[in-house]
Amino acid sequence: MTDKVTNAVRDFIENVNKTYKGGVAEVGGRFEALSLARFSTGILSLDCALGGGWPFGRIAVNAGMESTGKTLMALKAMASVEEYDHETKQHRDFVDDDKFTAGTALFVDVEGSFDPEWAASNGVTEGCHAVARPEYSEQAIDIVTAAIEENVFDLIIVDSLAALAPTKELEASSEDWQMGLSARLINKAMRKWVGKINKVSTATGTAPFLMCLNQFRINIGQFVGDPRVLPGGKGQQFASSIILYTKSPDYQDSKTKEMSHVKLSGTIQKNKTYVPRMNFSYSVHLQDDEDGAKQGDVDNLKQMQSLGKKYGLIVVDGAKVYFGDKVYKTQKALMQDVANDPEMYRLMWRSIVKAAVGKII
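Summarised in this report is the structure supplied together with it. As the structure is a prediction and not an experimental result, all values here were calculated from the model.

1. So, the side chain of Thr 273
1) Next: Position of Thr 273 among the secondary structure elements: in the loop between β12 (259-271) and β13 (279-285).
2) Next: Residue classification places Thr 273 among the buried positions, given a relative accessible area of 6%.
3) Next: A polar contact is formed between the side chain of Thr 273 and the side chain of Asn 271, at a distance of 2.6 Å.

As structure tokens, this is what we get:
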């Protein structure tokens with residue numbers, strides 16, 4: 001009986017693949033859905049909360065109110081993906097120099113707010129990426145679809161879903177109403193994008209990571225439950241593997257009483273690639289300060305210090321501080337070494353992520 005079932009299953013798989021000309025169906029276990037290649041977010045606490053970074057071949061929705069760090073996370077992702085090989089999706093440390101091809105990103109600037117100077121402050125290299133400014137939502141959807149199909153980019157960013165305007169809305173009079181038109185288009189786009197990503201992943205083993213930014217709207221007259229809604233329909237919530245909600249920022253002044261940095265935080269509302277409902281927080285410098293921090297810098301060193309102690313990688317024993325086989329008199333001396341030594345910096349980062357989620361990125 002077992003042989004008959006096995007043969008029947010194999011016949012079914014062969015017929016499906018013959019009909020659709022590809023590896024659409026496989027024996028159970030061949031598709032390792034959760035064995036995802038990932039790349040760092042550029043923010044240590046967010047790497048730990050996501051399960052090791054952003055996953056290639058998945059869709060994420062990054063939502064929140066205005067000025068809560070959504071575009072900032074996209075820029076940090078753009079800067080980070082440059083360090084990952086386009087073919088293997090591994091960090092450049094694990095790829096031979098002569099075989100390494102820097103990862104690239106496509107920023108679909110629907111809002112028309114992409115700032116090259118601010119992007120450069122956040123580590124984005126201009127020559128590694130492309131920016132598209134579509135006129136209407138159908139154009140934006142087709143650009144993203146083509147980018148996924150051609151598998152040229154490793155990261156695709158849509159900023160934002162809320163700003164996508166259908167042609168009928170743009171061409172019609174402001175007196176006319178197009179109820180649900182934008183939501184229908186975005187729902188259709190999400191279905192297309194999921195299918196295209198699955199096709200590319202099956203054919204090549206990897207596909208780009210798609211990050212869609214969105215802004216909350218408030219339901220008028222709702223007094224029970226969360227009044228926040230995401231414009232663009234429910235399709236984005238079902239199609240995405242990750243939904244991240246950012247929280248209100250906390251702006252901090254410097255010693256000279258000028259705005260110095262902002263504390264940002266959020267929650268991983270949905271995560272089909274790791275444990276959901278994880279929290280993260282970090283600080284970003286808004287300008288150069290007297291301590292040597294540059295505009296756009298994230299407080300990753302402070303995060304390393306606290307998370308290193310949390311996971312037992314940094315041990316404080318009396319007047320001595322230990323990190324691996326290294327011994328320091330103070331934690332400050334240790335972190336200065338980490339800041340000045342790129343290899344040590346990456347070692348501590350990876351050690352913390354591995355201790356937190358069991359994966360090396």
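2. Focus: the side chain of His 86
1) Next: In this fold, His 86 is placed in the loop between α3 (70-81) and β4 (105-109).
2) Next: A relative accessible area of 16% places His 86 in the buried class.

3. Description of the pairing of strand β7 (residues 209-215)
Successive side chains on a regular strand alternate, one facing one side of the sheet and the next facing the other.
1) Next: Across the seven residues of β7, seven count as buried, placing the element largely inside the fold.
2) Next: Burial of the side chains of β7 extends over both faces: Phe 209, Met 211, Leu 213 and Gln 215 are buried on one face and Leu 210, Cys 212 and Asn 214 on the other.
3) Next: Across six bridges, the pairing between strand β3 (residues 59-64) and β7 is parallel. Bridge assignment links Ile 59 to a residue of β7, and that residue is Leu 210.
4) Next: Across five bridges, strand β6 (residues 155-159) lies against β7 in parallel orientation. In the sheet register, Asp 159 faces β7, and the bridge partner there is Leu 213.

4. Quick word on the packing of helix α9 (residues 300-310) against helix α10 (residues 331-340)
1) Next: It is at 11 Å that the axes of α9 and α10 come closest, and there the two elements cross at 125 degrees. Judged by the inter-axis angle, α9 sits oblique to α10. Considering only the axes of α9 and α10, their crossing is right-handed. Where α9 approaches α10, its residues Leu 301, Met 304, Gln 305 and Lys 309 are matched on the opposing element by Gln 331, Met 335, Val 338 and Ala 339.
2) Next: Residue composition of the contact of α9 with α10, grouped by class: five nonpolar, two polar and one charged.

5. Thoughts on unusual backbone geometry
Backbone geometry follows two general trends: most residues other than glycine have a negative phi, and most peptide bonds adopt the trans configuration.
1) Next: Residue Ser 160 is bonded to the preceding Asp 159 through a cis peptide linkage, with omega at 5 degrees.
2) Next: You can see Ser 160 is positioned in the loop between β6 and α6 (167-171).
3) Next: Of note in the backbone geometry, Asn 151 takes a positive phi value of approximately 55 degrees without being a glycine.
4) Next: With respect to the helices and strands, Asn 151 occurs in the loop between α5 (137-150) and β6.

6. Thoughts on the pattern of salt bridges
1) Next: Tallying each qualifying case throughout the model produces seven salt bridges.
2) Next: In this structure, Glu 83 engages Arg 92 in a salt bridge whose closest nitrogen and oxygen atoms are separated by 3.6 Å.
3) Next: Taking the relative accessible area as the measure of exposure, Glu 83 reaches 29% and is therefore partly exposed.
4) Next: Among the residues examined, Arg 92 registers a relative accessible area of 34% and is labelled partly exposed.

7. Looking at the environment of Ser 121
1) Next: On the secondary structure map, Ser 121 appears in helix α4 (residues 116-121).
2) Next: According to the relative accessible area criterion, Ser 121 is partly exposed, its value standing at 24%.
3) Next: For the pair formed by Ser 121 and Gln 287, sequence separation is 166 residues and the distance between their alpha carbons is 9.6 Å.
4) Next: Once you skip the residues sitting within four places of it in the chain, Ser 121 turns out to touch Gln 295 and Gly 296.

What counts as what
- Residues numbered from 1 in each chain as written.
- Predicted model: local features only at pLDDT ≥ 70, side-chain atom pairs only at ≥ 80, totals over all residues.
- Heavy atoms only, no water.
- Helix = DSSP H or I, 4+ residues; strand = E, 2+ residues; numbered from the N terminus.
- Buried < 20%, exposed > 50% of the residue type's maximum accessible area, 1.4 Å probe, protein only.
- Polar contact = N/O pair within 3.5 Å; in protein donor to acceptor, adjacent residues only side chain to side chain.
- Pairing = 2+ DSSP bridges.
- Axes fitted to C-alpha atoms, helices over the stretch in contact; angles between N-to-C directions.
- Parallel < 35°, antiparallel > 145°, perpendicular 65-115°, else oblique.
- Left-handed = near helix turned anticlockwise from the far one by under 90°.
- Contact = heavy atoms within 4.5 Å.
- Nonpolar A, V, L, I, M, F, W, Y, C, P; charged D, E, K, R; others polar.
- Salt bridge = Lys/Arg side-chain N within 4 Å of Asp/Glu carboxyl O.

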